[in-house]
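Overview (structure and organization)
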Amino acid sequence: MSRIITVAAAQLGPIQKTEPRSSAVARMIRLLERAHRRGVELVVFPELALTTFFPRHYHADIAEADHWFETAMPSAETAPLFEAARRYGIGFHLGYAELTREADETGIVRTRRFNTAILVGPEGDILLKYRKVHLPGHAEYEPRRTVQHLEKRYFEVGNLGFPVIRAPMGTLDGLNLGMLICNDRRWPEAWRVLGLQSVELVALGYNTPSLNMEGGGFEAHHLRVFHSHLSIQAGCYQNACFAVATAKAGVEDGAELFGHSIIVNPHGEIIAMAASWDDELITADCDLDMCRLGRTTIFAFDRHRRPETYRRIVDQVGAVEPPVWRKAEPR
Ligand code: CDT
């Protein structure tokens with residue numbers, strides 16, 4: 001019997017700084033209702049879906065930004081989303097800023113802040129949590145930038161690894177689901193760690209500015225979208241999985257986010273793409289048996305991987321210069 005799941009990327013248009021969580025949640029519930037009418041079983045919402053992308057706003061005292069964070073999930077404000085999803089029997093993926101008090105690696109209990117995503121099952125249980133590993137941007141205010149990107153200021157590097165879980169979803173008794181958050185999608189290492197856990201579907205949300213403010217020179221708008229799609233398509237092909245990649249889109253607090261949410265199959269093909277910069281639901285039927293071809297042939301990891309030659313991947317962070325070639329002295 002084939003294993004088909006109907007999934008959706010629930011793209012959100014901009015959430016302005018003044019828009020309350022209750023309004024963002026109401027918009028998400030409207031998308032869930034639309035998803036229900038289309039027979040969707042799993043909905044993926046964007047990164048930091050409950051508020052504006054607040055890392056563009058600088059606070060000298062980090063605690064002043066705590067009002068952007070969630071201390072409980074579900075909370076009073078997000079409970080209606082959980083209730084709606086349970087009513088429709090739809091699972092969902094939600095990105096949010098997480099504020100928690102927990103022990104660090106030295107055992108000291110302290111306040112910690114993460115860029116987090118959860119997978120919620122069709123009965124409303126939280127099945128999996130992931131905390132973003134690849135945090136882009138900078139930690140201090142940069143006057144040369146017209147838009148700040150302060151993820152390194154507000155978040156710690158995620159400490160949960162890249163988990164995959166076999167989750168009950170829709171009519172399936174199990175779907176191997178993993179998560180990435182935004183910038184993670186550009187790192188093949190992250191995809192491969194998911195691939196090594198037989199991931200079948202990667203849920204990922206993103207907030208990507210249309211302008212590269214990193215100071216490395218001009219990057220055309222179409223290349224920003226191209227590189228996002230290229231990374232997701234390559235990740236799916238090389239790990240024989242589907243991805244549902246959902247954007248927050250449009251002009252938010254005066255800064256443009258490029259949208260272009262997509263659903264990708266294990267061949268690396270885009271099978272659905274958002275056309276607006278607004279709240280928009282795109283859907284696809286994903287036959288999970290399609291994952292088998294890649295993982296039993298060209299990407300049969302057990303037969304073809306050579307980890308003994310990959311040492312640098314885990315031992316080294318930055319690139320080193322190669323040795324200079326020199327013509328051998330005549331003997
Ligand atoms: N949210 C996020 O991770 N955005 C990054 C852009 C960072 S530019 C400093 C991305 O890779 O899409």
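Numbering of residues starts from 1 in each chain and follows the order in which that chain's sequence is written. Only residues with pLDDT of 70 or above have their local features reported here, since the model is predicted, and side-chain atom pairs are shown and tallied only from 80 upward, although totals for entire chains, interfaces and linings are computed over all residues. Note that the side-chain values use all heavy atoms of the structure and ignore hydrogens as well as water.

Per an unreviewed UniProt entry, the protein carries the name N-carbamoyl-D-amino-acid hydrolase and comes from Rhodopila globiformis.

Quick look at the nonpolar core
By size, the foremost hydrophobic cluster in this structure holds 50 residues, and its most contacted members are Ile5, Leu42, Leu175, Trp191, Leu201, Val202 and Ile232. Counting residues per element, this core draws most heavily on strand E7 (residues 172-181), which supplies six residues. Here, residues are in contact when the closest pair of their heavy atoms is within 4.5 Å. If sequence neighbours within four positions are ignored, Leu42 has contacts with Ile5, Thr6, Val7, Ala8, Ile90, Gly91, Phe92, Leu119, Met169, Leu175, Leu177 and Leu201. Residues grouped as a nonpolar core are buried Ala, Val, Leu, Ile, Met, Phe, Trp, Tyr and Cys residues, joined through side-chain atoms within 4.5 Å. With a 1.4 Å probe rolled over the protein chains alone, any residue whose accessible area is under 20% of its type maximum counts as buried; one over 50% counts as exposed, and the rest are partly exposed. Residues Leu12, Val25, Val120 and Leu281 belong to the second largest nonpolar core, which totals 29 residues. Put simply, DSSP H or I for four residues or longer makes a helix, DSSP E for two residues or longer makes a strand, and each gets a number counted from the N terminus.

Focus: a nonpolar patch on the surface
A contiguous nonpolar patch, built from Tyr310, Ile313 and Val314 and spanning about 300 Å² of accessible area, is present on the exposed surface. Here Tyr310 falls in the partly exposed class, since its relative accessible area comes to 33%. Here the term patch refers to residues with relative accessible area over 30% and no salt bridge, with like charges joined within 9 Å and nonpolar side chains (Val, Leu, Ile, Met, Phe, Trp, Tyr) within 5 Å. Here the Shrake-Rupley method, with its probe set to 1.4 Å, supplies the accessible areas, and only the displayed protein chains count as covering residues. The working definition used for a salt bridge is a side-chain nitrogen of Lys or Arg within 4 Å of a carboxyl oxygen of Asp or Glu.

Quick notes on the site of the ligand
Around the ligand lies a shell of 15 residues, among which Lys132, Cys182, Asn183, Arg186 and Thr208 are the nearest. Counted as a polar contact is a pair of N or O atoms within 3.5 Å, where, for protein atoms, one must be capable of donating a hydrogen and the other of accepting one, and residues adjacent in sequence contribute only when both atoms are in side chains. At 2.8 Å, a side-chain N or O of Asn183 approaches an oxygen atom of the ligand. Its free accessible area being 360 Å², the ligand has 96% of it covered by the protein chains. Under a 2 Å grid-point criterion requiring more than half of the atoms, the pocket assigned to the ligand is the largest pocket. Under the scheme applied here, ten amino acids are nonpolar (Ala, Val, Leu, Ile, Met, Phe, Trp, Tyr, Cys and Pro), four are charged (Asp, Glu, Lys and Arg), and all others, including Gly, are polar. Of the residues in the shell around the ligand, the class split is four nonpolar, five polar and six charged. One heavy atom within 4 Å of a molecule or strand is enough for the residue carrying it to be called near that molecule or strand. Cavities and pockets were defined on a 1 Å grid built from protein atoms only: a cavity is a group of points that admits a 1.4 Å probe but offers it no way out, a pocket is an open group of points flanked by protein on both sides within 12 Å along at least five of seven lines, and a lining residue is one with an atom within 4 Å of any such point. More than half of a molecule's atoms lying within 2 Å of a cavity's or pocket's grid points is what places that molecule inside it.

What to know about unusual backbone geometry
The linkage connecting Met73 with the following residue, Pro74, adopts the cis geometry, with an omega of 0°. Topologically, Pro74 is positioned in the loop between strand E2 (42-44) and helix H2 (79-88). One non-glycine residue, Leu48, adopts positive backbone phi at about 40°. Along the polypeptide, Leu48 turns up in the loop between E2 and H2. Take Leu48: its relative accessible area is 2%, and that puts it in the buried class. Its identity is not glycine, yet Ser198 carries a phi of approximately 55°, on the positive side. Structurally, the position occupied by Ser198 is in the loop between helix H4 (188-195) and strand E8 (201-206).

So, the pairing of strand E10 (residues 249-252)
Paired strands, in this sense, are two strands between which DSSP finds at least two bridges. Note that E10 and strand E11 (residues 255-258) share four bridges and pair antiparallel. Residue pairing for E11: Glu252 is matched across the bridge by Ala255. With antiparallel pairing between neighbouring strands as the criterion, E10 and E11 make up a hairpin whose turn holds two residues, including Asp253 at a positive phi of roughly 50°.

Thoughts on the side chain of Asn176
Along the chain, Asn176 falls in strand E7. We classify Asn176 as buried; its relative accessible area is 12%. Only 2.9 Å separates the side chain of Asn176 from the backbone oxygen of Ser198, close enough to count as a polar contact. The residues contacting Asn176, other than those within four sequence positions of it, are Val164, Ile165, Arg166, Ser198, Val199, Glu200 and Leu201.

Let's talk about the packing of aromatic side chains
The pairing test for Phe, Tyr and Trp rings, Trp by its six-membered ring, is centres within 6.5 Å, and the orientation test on the planes gives stacked under 30 degrees, edge-to-face over 60, and tilted for anything in between. Within the structure shown, the criterion is met by eleven aromatic pairs. Their ring planes at 70° and their centres at 6.2 Å tell us that Phe45 and Phe92 sit as a pair that is edge-to-face. Of this pair, Phe45 sits in the loop between E2 and H2 while Phe92 sits in strand E3 (residues 91-103), and the two are 47 residues apart along the sequence. When its relative accessible area of 0% is taken as the criterion, Phe45 is described as buried. With 5.2 Å between their ring centres and 85° between their planes, Phe82 and Phe92 make a pair best called edge-to-face. With a gap of ten residues between them, Phe82 in helix H2 and Phe92 in strand E3 connect regions that are remote in the sequence. Charge over a ring is defined by NZ of Lys or CZ of Arg lying within 6 Å of the ring centre and within 35 degrees of the ring normal. Taking the ring centre of Tyr88 as reference, the NZ or CZ of Arg87 above it sits at 5.3 Å. One Lys or Arg, Arg131, reaches over the ring of Phe114 and ends 4.1 Å from the middle of that ring.

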